[in-house]
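Listed below are the residues making up each chain.
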Amino acid sequence: MHHISAADGTPIGYEVWGRRDGEPLLLIQGLGVDARGWTMQRLAMGRRFRCYAVHNRGVGATSAAEPPYSLFQMADDAVTVLNAEGVESAHVMGASMGGVISQIIGVLHPERTRSLVLACTASRHHEWRIELLREWREAVATSGMSALAGDGLRWLVGPRVHRRFGLWLNLIGRLILKSDPRGFVAQVDAILAMSDDLRDRLHEIRVPTLVITGSQDSLTPVGDAEEMAELISAAELDVVSGAGHAVMAEAATAYNRAVVDFLRRATGEDDAASRHRAAAS
């Protein structure tokens, strides 16, 4: 575990793994989830990239951060990690709330962004999602994380996985239920405080972007992904069949394949291989 100090002095935890000579990949997880949410990506991404996974304020090694938080603040924390590691720019991959933070980085720090992977996320609020998050906030503030053990986790786990294995074998669900209630509530507040203004600036993103989601995601449905892919001119959309909101854990093989394929193209690796084959022939 590594630590750096944010602009306000808050210690921010982050993890580093992968090829020392690989291109940098910054990973940002979602609501209530620390860097362990990328467990199923560690090997696939680490083979090719130098990975930097941030513990957002309120979770894991950064759980002691004093509220209130903002998503812009968390974006700055992630950029501070790059600064600490001497990384000028990186590929940025974010899931759910981390996908919104990644959008912020892509818009406000384009010089630090080589490409974007926006997973199971959205670019604006819907009234029904605002109401749901408020319900989660009040339940956790009153009764702790166990308040999400029933209906709450059903939003995070695809029905196919739920039918076959139940809720408790879902990696992301387990991590959320073990998170700090105070940090969870503060993160929800940060999400609810985020305006839709960022959506109006997504057209400014010029780097290659993969928008990826599960076909059975009920928290950030496919329509949210389609909208982002339309707003970002350099974006492509990938819908993973049968997966729910925690697509990177539920359908890790398909998710990793899609992301690695995208990043190979974003780095020009496929073009280089084609030129090599042409030269050899």
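Residues numbered from 1 in each chain as written. Predicted model: local features only at pLDDT ≥ 70, side-chain atom pairs only at ≥ 80, totals over all residues. Heavy atoms only, no water.

A. Region of interest: the overall build of the protein. A tally of regular secondary structure across the protein gives 12 helices and 8 strands. When each of the 281 residues of the protein is scored for burial, the buried share is 56%. Long-range contacts, defined as pairs at least 24 residues apart, comprise 78% of the intrachain contacts of the protein with a sequence gap of at least 6. Summed over its atoms, the accessible surface of the protein is roughly 11,900 Å², and 50% of this surface lies on carbon and sulfur atoms. (Helix = DSSP H or I, 4+ residues; strand = E, 2+ residues; numbered from the N terminus. Buried < 20%, exposed > 50% of the residue type's maximum accessible area, 1.4 Å probe, protein only. Contact = heavy atoms within 4.5 Å. Areas by Shrake-Rupley, 256 points an atom, 1.4 Å probe, with all protein chains shown as cover.)

B. Structural detail: the side chain of His 91. Looking at the secondary structure, you find His 91 in strand β5 (residues 90-95). Among the residues examined, His 91 registers a relative accessible area of 1% and is labelled buried. Among the polar contacts listed, one links the side chain of His 91 to the side chain of Glu 23, at a separation of 2.7 Å. For His 91, the side chain forms a polar contact with the side chain of Ser 115, separated by 2.7 Å. (Polar contact = N/O pair within 3.5 Å; in protein donor to acceptor, adjacent residues only side chain to side chain.)

C. The arrangement of the pairing of strand β4 (residues 49-54) in detail. Of all the 6 residues making up β4, 6 are buried; the element is thus mostly covered by neighbouring parts of the structure. Here β4 shows two buried faces, one formed by Phe 49, Cys 51 and Ala 53 and the other by Arg 50, Tyr 52 and Val 54. Sheet topology places strand β2 (residues 11-18) next to β4; 5 bridges connect them, and they run antiparallel. Bridge assignment links Gly 18 to a residue of β4, and that residue is Arg 50. Where strand β3 (residues 23-28) lies against β4, 6 bridges are found, and the strand directions are parallel. Residue Leu 25 lies in a different strand from β4, and its bridge partner there is Cys 51. (Pairing = 2+ DSSP bridges.)

D. Quick look at the packing of helix α2 (residues 71-84) against helix α3 (residues 97-108). Axis separation between α2 and α3 bottoms out at 9 Å; the angle between their running directions is 70°. With respect to each other, α2 and α3 are oriented roughly perpendicular. For the pair α2 and α3, the contacting residues are Leu 71, Phe 72, Met 74, Ala 75, Ala 78 and Val 79 in the first and Met 97, Val 100, Ile 101, Ile 104, Ile 105 and Leu 108 in the second. Counted by class, the contact of α2 with α3 contains 12 nonpolar, no polar and no charged residues. (Axes fitted to C-alpha atoms, helices over the stretch in contact; angles between N-to-C directions. Parallel < 35°, antiparallel > 145°, perpendicular 65-115°, else oblique. Nonpolar A, V, L, I, M, F, W, Y, C, P; charged D, E, K, R; others polar.)

E. Fine view of the pattern of salt bridges. Counted under the stated rule, the structure contains 15 salt bridges. Residue Arg 265 pairs with Glu 236 through a salt bridge whose shortest N-O separation is 2.9 Å. With a gap of 29 residues between them, Arg 265 in helix α11 (residues 252-266) and Glu 236 in strand β8 (residues 235-240) connect regions that are remote in the sequence. Connected through shared salt-bridge partners, Asp 8, Arg 57 and Asp 77 make up one network. (Salt bridge = Lys/Arg side-chain N within 4 Å of Asp/Glu carboxyl O.)

F. Focus on the packing of helix α4 (residues 127-143) against helix α8 (residues 181-193). Put simply, α4 and α8 touch, their axes get as near as 9 Å, and they point 155° apart. Classed by the angle they form, the pair α4 and α8 counts as roughly antiparallel. For the crossing formed where α4 meets α8, the hand is left-handed. Contacts between α4 and α8 pair Ile 130, Leu 133, Arg 134, Trp 136, Arg 137, Val 140 and Ala 141 from the former with Pro 181, Phe 184, Val 185, Val 188, Asp 189, Ile 191 and Leu 192 from the latter. Tallied by class, residues from the contact of α4 with α8 come to 11 nonpolar, no polar and 3 charged. (Left-handed = near helix turned anticlockwise from the far one by under 90°.)

G. How the structure looks around the packing of aromatic side chains. Taken as a whole and judged by the stated rule, the model has 0 aromatic pairs. Lying across the ring of Trp 17, Arg 42 places its NZ or CZ 4.1 Å from the centre. (Phe/Tyr/Trp six-rings, centres within 6.5 Å; stacked < 30°, edge-to-face > 60°. Lys NZ or Arg CZ within 6 Å of the ring centre and 35° of its normal.)

H. Representation of the confidence of the model for the protein. Summing up the model confidence of the protein, the mean pLDDT is 90 and the portion of residues at 70 or higher is 90%. Confidence drops under a pLDDT of 50 for residues 161-169, and excluding neighbours within four residues, the segment shows 14 contacts in the predicted structure. Every residue in residues 273-281 is under pLDDT 50, and counting partners more than four places away or in other chains gives 0 contacts. (pLDDT = per-residue confidence, 0-100.)

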